[in-house]
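A look at the structure
Each chain, letter by letter, is given below.
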Amino acid sequence: MPGIDECLLEAMALPGARGAALVDWSSGLALGTAGDSPVGDHETTAAETAELARAAAEYESFAPGPDDAGAPGPPVEDLIVTTRTGYHVLRFVDTSFDSSVFLHLWLDRTDGNLALARHRLRALAEGLVLR
């Protein structure tokens, strides 16, 4: 089971990966980073993506429905933001404490494979051991 650094290095091995981070959405802090940041500063990127993750996780529109009631982990699995030059994939990580962390992968739109990235981030999130 990989730790944070190993997990981020595996994410960076994906085609088109430009940057990756593990972020606590309740505080906006980056718990680990690899590669580049879209704005040149990983802490700024972590704070901005945390706002998006927090909104998705807390707004009633995305809250668990009758079929999901009582399901473990956060109600949202992942978010995808598409820009003209890239993709941002935020994958929520189910943890034994409060499940307030997510993996953020920034992909180049030309070289990235969004389907592969989603599949691989799911596996990484499931195997991640927070130390």
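Each value, and the rule that gives it
Residues numbered from 1 in each chain as written. Predicted model: local features only at pLDDT ≥ 70, side-chain atom pairs only at ≥ 80, totals over all residues. Heavy atoms only, no water. Helix = DSSP H or I, 4+ residues; strand = E, 2+ residues; numbered from the N terminus. Buried < 20%, exposed > 50% of the residue type's maximum accessible area, 1.4 Å probe, protein only. Contact = heavy atoms within 4.5 Å. Salt bridge = Lys/Arg side-chain N within 4 Å of Asp/Glu carboxyl O. Phe/Tyr/Trp six-rings, centres within 6.5 Å; stacked < 30°, edge-to-face > 60°. Pairing = 2+ DSSP bridges. Axes fitted to C-alpha atoms, helices over the stretch in contact; angles between N-to-C directions.

1. A closer look at the overall build of the chain
Across its full length, the chain holds three helices and five strands. The N-to-C order of helical and strand elements in the chain reads α-β-β-α-β-β-β-α. Within the chain, the fraction of its 131 residues that count as buried is 45%. Put simply, 53% of the contacts in the chain that link residues at least 6 apart link residues at least 24 apart.

2. Describing the pattern of salt bridges
For the structure shown, the criterion picks out four salt bridges. R54 is paired through a salt bridge with E51; the nearest N and O atoms lie 2.6 Å apart. Of this pair, R54 and E51 both sit in helix 2 (residues 42-58), three residues apart, roughly one helical turn. The partner of R118 in a salt bridge is D78, and the shortest N-O contact between them spans 2.9 Å. In this pair, R118 sits in helix 3 (residues 114-127) while D78 sits in strand 3 (residues 78-82), placing the two residues 40 residues apart along the sequence. Look at R118 and you get partly exposed, because its relative accessible area is 35%.

3. Here we look at the packing of aromatic side chains
A complete count under the given rule lists one aromatic pair for this structure. With a centroid separation of 6.1 Å and an interplanar angle of 45°, the aromatic rings of F92 and F102 are classed as tilted. Placement of the pair is F92 in strand 4 (residues 86-93) and F102 in strand 5 (residues 101-108), with a sequence separation of ten residues. With relative accessibility at 0%, the residue F102 sits in the buried group.

4. Section: the environment of G32
In this fold, G32 is placed in strand 2 (residues 29-35). A sequence separation of 25 residues divides G32 from C7, and the C-alpha atoms of the two residues are 9.6 Å apart. In contact with G32, other than residues within four places in its own chain, are I4, L8, A20, A21 and L22.

5. Here we look at the environment of T85
Topologically, T85 is positioned in the loop between strand 3 and strand 4. Look at T85 and you get exposed, because its relative accessible area is 54%. When the C-alpha atoms of T85 and D108 are compared, they prove to be 6.3 Å apart, with 23 residues separating the residues in sequence. Every residue in contact with T85, bar those within four places of it in the chain, is listed here: L107, D108 and R109.

6. Some details on the sheet that holds strand 2
Spatially, 2-1-5-4-3 is the arrangement adopted by the five strands of the open sheet, whose pairing is antiparallel. Edge strands, defined here as strands with exactly one partner in the open sheet, are strand 2 and strand 3. Each strand axis lies, on average, 15° off the axis of its neighbour in the sheet, ignoring direction. As paired elements, strand 1 (residues 17-24) and strand 2 share six bridges and run antiparallel to each other. Counterpart to G19 in the pairing with strand 2 is G35. Where helix 1 (residues 4-12) meets the sheet, its contacts fall on strand 1, strand 2 and strand 5, and the angle it forms with strand 1 comes to roughly 150°. Together, strand 3, strand 4 and strand 5 form the strand contacts of helix 3, whose direction differs from that of strand 4 by roughly 25°.

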